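# Structural features, examined
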Amino acid sequence: MKEAKTATDRLELKISGMSCASCVARIEKVLARQEGVASARVNLAAEKGYVDYDQGRITPEELMAAVDSLGFTAAPAEQDSAAVDRERQEREQALRRLKLDFSLAAVLTTLVLYGSLPEMVPMAWHDWAVGVVPAWLGNPYTLLLITTPVQFFSGWRFYRGAWASLSHGTSDMNVLVAMGTSSAWFYSAAMTVAPDFLTGLGFPYQLYYDVATVITTLILLGRLLEARAKGKTSEAMRKLMGLKAKTARVVRPAEQAEAETIVDIPIEEVQVGEIILVRPGEKIPVDGEIIEGRSSIDESMLTGESLPVSKESGDQVIGATINKSGGFKMRATKVGKDTMLAQIIRLVEAAQGSKAPVQKLVDRIAAWFVPAVIITATVSALFWWAYGPEPSLIFALTVFIAVLIIACPCALGLATPTAIMVGTGKGAENGILIKGAESLELAHKLDTVVLDKTGTITAGTPAVTDIFTLTGMLDENQLLALVAAVEQASEHPLGEAIVREAVERDLELAPVSDFTAVPGHGLQAAVAGRRLLVGNARLLAREGVALEERWQKQAQELAAQGKTPILVAVDDQPAGLLAVADPVKESSAAAIAAMRKLGLTVVMLTGDARHTAEAIAAKVGIDRVMAEVLPEDKESAVKDLQHEGRLVAMVGDGINDAPALARADVGIAIGTGTDVAMEAGDVTLISGDLNGVPTAIRLSRATMRMIRQNLFWAFFYNIVLIPVAAGVLYPFWGIILNPMLAAAAMAFSSISVVLNTLRLRWFH
């Protein structure tokens, strides 16, 4: 029995030299066969490989050597700014070489087409063509001389790739192109050098220089346009990388002096605990906590939230966000790879490198695609050589070249990964972190969204919502100050909300004496010589305080709205009524309406009493409520919905909802983007705004729609045009595909897939 493979580490590789989906399949296959490798994924669009392996059984060097042995080049992928710059330089250098190859090929191909004009035009125009083409340019030896640089300089990349592939017993796109162009060029070259000998053997006189050069030029043009378009698919990742500040102004004690000094240092040198000065308009260098000052922070580049957020001493700030107004001092809490931006970049890169389930089917097809095309081209050529019209050899050669050139595994290989890259990158721009392609694919099928109430639909922090004075002896602030004084001695969350409200209003709280908590009823105490009762109607009744019916009705109405009424008596006389509630977030109702518009069933999950839960649900437009659910039973509630045949997304804060998030088909962690939240969910909404849920689902649907379109056209193109190139239409309508048109169509198929995907960049 084969020993199970266990992965203890992950290696990310930068892989150069891939040209199509069959390259991906070859690399994944050889990596998966290595001892100690648990899984291997390769992304053609990103030119990256991701290997999970046991570092005790195989080294990164051995894994890279395995890739290199196939004729590709593998190196560790680096993620710092310098590495990004190097990658950009390498990409630009490769693009310049591609431009040079194409430019040379285009100029020389134009000359070849001009020189071949007499053989290309209809017979009625032959004499005219002979008259306009210089004799020296139409000479076969001149055409041989002109086409040689196109074939072996501009087209050398195809030979190099084909040799690397064939020398390892496999085949790829380069093999098809090299075979097709070589067949045309070598036949023409042989006919130029020894025409009498070959025609004497029965070979018809025909020159294919125009075919060989046009095919090479068109495919180079396709690769040039494709390379430019592919560069744009990773634009979101480059934007994320570019958000990072370059330097930080660190406050440090001066040596042998009492005064502090401020020094500018590279961000890479900032240490946890150092004090940093941030001025208005500057980027915040690292994650930290404000210790002095206050400001408004623009966090839109990470959270998607357009409005600046007010921050003051004690608040957390995120590296790479922009300080809009006041200056402040902060203490660094996370630096380097531990900052939120670094975590986001890692998550997005992992997601872009992951494979959607639909891609696995494409990879299996691609592995057999090139050999199947070569067999099809060979069988078709042999058939038409035997049964085709005269000269049958030329007809067969035309079919052979057309089939090889028309086939396009490139389009198949790019269809899914380009869409995943753009989709996950677009999500990051909107403050939505999607951890993998599988989650992105699954999200478009969701029919039910379960929302945890506290902290998701509501703010998660109780607040005073209403204050009523029952008599004219106290105004609103006086009543609040008295109640807050009593609640200072309480540890109840509702009491904390009252004290917080009083502090925000800058109210002075008097000392308290004779404090007593009455379980199940409330509190009683003496404040500034007055006897206070703070609690429910049972407390007032127990102490003999009569409450008018209208105030009892008011308390009941507040309770029906999901609020907690708190009755107040001063010196045994009804004095006021406060209401405390966990307020609904401003965005919740609109977000839930957007979910319902998408055809989703929205369910609220809460441990609250049913009447309170239904009051909140009615306010935000939710029809189905699962109330009085204990935290440990939330997972079972999600499971019950799945047993109904529903595909469920669970939306929670990512900490106490972790089991339910894990149980759901797609777990969406909503909150501040903490480490725990990012780990708990398949999707993380950094801003904590519930509107991210419908946006994530719309993005998933848009991405999958793009993948389906790409795959349809890639498969449709190959399924329809390969038989046409093989000559199936010739017996009926006399249609045979010109190899030059086949090259143009092949180039267009890859470009169209990438350009179609780039439409996702306008998603909003």
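Residues numbered from 1 in each chain as written. Predicted model: local features only at pLDDT ≥ 70, side-chain atom pairs only at ≥ 80, totals over all residues. Heavy atoms only, no water.

## Considerations on the side chain of Thr695
Note the cut-off: Helix numbering and strand numbering both begin at the N terminus, where a helix is a DSSP run of H or I of at least 4 residues and a strand a DSSP run of E of at least 2. For this analysis, a polar contact is any N or O atom pair within 3.5 Å, provided that within protein one partner can donate a hydrogen and the other can accept it, and provided that sequence-adjacent residues contribute only side-chain to side-chain pairs. What makes two residues a contact is simply this: any of their non-hydrogen atoms within 4.5 Å.
Positionally, Thr695 belongs in helix α29 (residues 692-726). Here Asn691 takes part through its backbone oxygen, which lies 2.9 Å from a polar atom of the side chain of Thr695. Apart from residues lying up to four places away in sequence, Thr695 is in contact with Ile432 and Phe763.

## Details of the packing of helix α7 (residues 140-154) against helix α8 (residues 156-166)
Quick reminder of the rule: Each axis is a line fitted through C-alpha atoms, and for a helix only the stretch in contact is used; angles between axes span 0 to 180 degrees, taken between their N-to-C directions. For this classification, under 35 degrees means roughly parallel, over 145 means roughly antiparallel, 65 to 115 means roughly perpendicular, and everything else is oblique. Only Asp, Glu, Lys and Arg are considered charged, only Ala, Val, Leu, Ile, Met, Phe, Trp, Tyr, Cys and Pro nonpolar, and every remaining residue, Gly among them, polar.
At a closest axis distance of 4 Å, the pairing of α7 and α8 adopts a crossing angle of 45 degrees. Relative to α8, the element α7 lies oblique. From α7, Gln151, Phe152, Phe153 and Ser154 reach across to α8, where they touch Trp156, Arg157 and Tyr159. By residue class, the composition of the contact of α7 with α8 is four nonpolar, two polar and one charged.

## A few points about the UniProt feature "transmembrane region" (unreviewed entry) in the protein chain
Stated formally: UniProt positions are given in the numbering used here, feature names are shortened, and annotations may be inferred rather than shown by experiment.
The UniProt entry lists residues 98-117, 137-154, 175-194, 206-225, 365-387, 393-416, 711-733 and 739-758 under the feature "transmembrane region" (unreviewed entry), expressed in the numbering used here. Counting secondary structure, residues 206-225 comes out at 85% helix and 0% strand; the distance between its end C-alpha atoms is 32 Å.

## Here's the deal with the sheet that holds strand β9 (residues 295-298)
Here is the rule: Note: two strands are recorded as paired if DSSP finds a minimum of 2 bridges between them.
Read across the open sheet, the three strands follow the order β10-β9-β12; overall the sheet is antiparallel. Of all strands in the sheet, those bounded by a partner on one side alone are β10 (309-311) and β12 (322-323). Sheet topology note: the β9/β10 ladder contains three bridges and is antiparallel. Bridged to Ile297 within β10 is Val309.

## Some points on unusual backbone geometry
As a reminder, the rule being used: The cut-offs for exposure are 20% and 50% of the maximum accessible area for each residue type, with area from a 1.4 Å probe on protein chains only; residues under the lower value are buried, those over the upper are exposed, and the others partly exposed.
With an omega dihedral of -10 degrees, the bond running from Glu390 to Pro391 counts as a cis peptide bond. Structurally, Pro391 is set in the loop between α15 (357-387) and α16 (392-406). Unusually for a residue other than glycine, Asp514 sits at a positive phi of about 55 degrees. Mapped onto the secondary structure, Asp514 falls in strand β17 (residues 512-518). We classify Asp514 as exposed; its relative accessible area is 64%.

## Thoughts on the pairing of strand β20 (residues 564-570)
When you tally the buried positions in β20, you get five out of seven residues, the bulk of the element. Bridging between strand β19 (residues 530-535) and β20 involves four bridges; their strand directions are antiparallel. Bridge pairing links Leu533 to Ala569 in β20.

## What to know about the pattern of salt bridges
Pairing is possible between side chains that carry opposite charge, provided their charged atoms lie close to one another. To be explicit about the condition: A carboxyl oxygen of Asp or Glu within 4 Å of a side-chain nitrogen of Lys or Arg is what we treat as a salt bridge.
Scanning the entire structure with this criterion turns up 25 salt bridges. Among the salt bridges present, the one from Arg10 reaches Asp52, with a minimum N-O distance of 2.8 Å. A residue pair is termed long-range when its members are at least 10 positions apart, and Arg10 in strand β1 (residues 9-16) and Asp52 in strand β3 (residues 48-53) qualify at 42 residues. Accessibility expressed as a relative area gives 44% for Arg10, which makes it partly exposed. Residue class for Asp52 comes out buried when judged on its relative accessible area of 14%. One salt bridge in this structure joins Arg294 and Glu312, with 3.0 Å as the shortest N-O distance. Residue Arg294 is found in the loop between β8 (287-293) and β9, and its partner Glu312 is found in the loop between β10 and β11 (316-317); the two are separated by 18 residues along the sequence.

## Quick look at the environment of Pro371
Within the fold, Pro371 resides in helix α15. In the structure, Pro371 is positioned 196 residues away from Val175 in sequence and 9.8 Å away in space, judged by C-alpha atoms.

## Topic: the packing of helix α9 (residues 173-193) against α16
Note the threshold: In this scheme, a crossing is called left-handed if the near helix is turned counterclockwise away from the far one by less than a right angle; it is called right-handed if the turn is clockwise.
Close contact between α9 and α16 brings their axes to 8 Å; oriented N to C, the two are set at 155 degrees. On the basis of their axis angle, the class for α9 and α16 is roughly antiparallel. Remark: the crossing between α9 and α16 carries left-handed chirality. Together, Leu176, Val177, Met179, Gly180, Ser183, Ala184 and Tyr187 of α9 and Leu393, Ile394, Leu397, Phe400, Ile401, Leu404 and Ile405 of α16 make up the contact between the two elements. In terms of residue class, the contact of α9 with α16 is built from 12 nonpolar, two polar and no charged.

## Examining the confidence of the model for the protein chain
Operational definition: Values of pLDDT, which run from 0 to 100, indicate the predictor's confidence residue by residue.
Of all residues in the protein chain, 90% attain a pLDDT of 70 or more, and the chain-wide mean is 83. Here helix α28 (residues 675-680) is the element of the protein chain with the lowest mean pLDDT, 56, and α7 is the one with the highest, 95. Of the regions scoring below 50 in pLDDT, residues 1-5 engages in eight contacts with residues more than four places distant in sequence or in other chains.

## Let's talk about the packing of aromatic side chains
Put simply, the rule reads: Between 30 and 60 degrees the pair is tilted, below 30 it is stacked and above 60 it is edge-to-face, where a pair is any two Phe, Tyr or Trp rings, Trp via its six-membered ring, whose centres lie within 6.5 Å. By definition, being over a ring means that NZ of Lys or CZ of Arg is both within 6 Å of the ring centre and within 35 degrees of the ring normal.
Counting across every chain of the model gives 14 aromatic pairs. Taking the centre distance of 5.1 Å and the plane angle of 75 degrees together, the rings of Phe712 and Trp713 count as edge-to-face. The class for Phe712 is partly exposed, based on a relative accessible area of 47%. Taking the relative accessible area as the measure of exposure, Trp713 reaches 52% and is therefore exposed. Of the aromatic side chains, those joined through ring pairs into one cluster are Phe152, Trp156, Tyr159, Trp185 and Phe186. Taking the ring centre of Phe153 as reference, the NZ or CZ of Arg97 above it sits at 5.1 Å.

## Thoughts on helix α21 (residues 493-504)
For the α-helix, the turn length of 3.6 residues means that residues three or four positions removed from each other point alike. Worth spelling out the cut-off: Helices are assigned an expected span. That span is 1.5 Å times one less than the residue count.
Here α21 spans 17 Å end to end across 12 residues, near enough to the 16 Å set by a 1.5 Å rise per residue. Among the residues trailing α21, Asp506 stands out with phi positive, at a value near 60 degrees.

## A closer look at a nonpolar patch on the surface
The cut-off we apply is this: In this scheme, patches are assembled from residues that exceed 30% relative accessible area and form no salt bridge. Like charges are connected within 9 Å, while nonpolar side chains (Val, Leu, Ile, Met, Phe, Trp, Tyr) are connected within 5 Å. Using the Shrake-Rupley algorithm and a 1.4 Å probe, accessible areas are obtained, with residue cover drawn only from the displayed protein chains.
On the surface, a nonpolar cluster with roughly 530 Å² of combined accessible area is contributed by Phe712, Trp713, Phe716, Ile719 and Val720. Examined against the element boundaries, Val720 turns out to sit in helix α29. We classify Val720 as partly exposed; its relative accessible area is 34%.

## Some thoughts on the sheet that holds strand β21 (residues 573-581)
Within a sheet, neighbouring strands are paired by backbone hydrogen bonds and run either parallel or antiparallel to one another. A sheet is described by the order of its strands in space; here six strands give the open sequence β16-β21-β20-β19-β18-β17, paired in antiparallel fashion. At either margin of the open sheet sits one strand with a lone partner, and together these are β16 (463-469) and β17. Ignoring strand direction, the axes of neighbouring strands in this sheet form an average angle of 20 degrees. Here helix α20 (residues 476-487) sits on the sheet in contact with β16, β17, β18 (522-527), β19, β20 and β21, set at roughly 80 degrees to β19.

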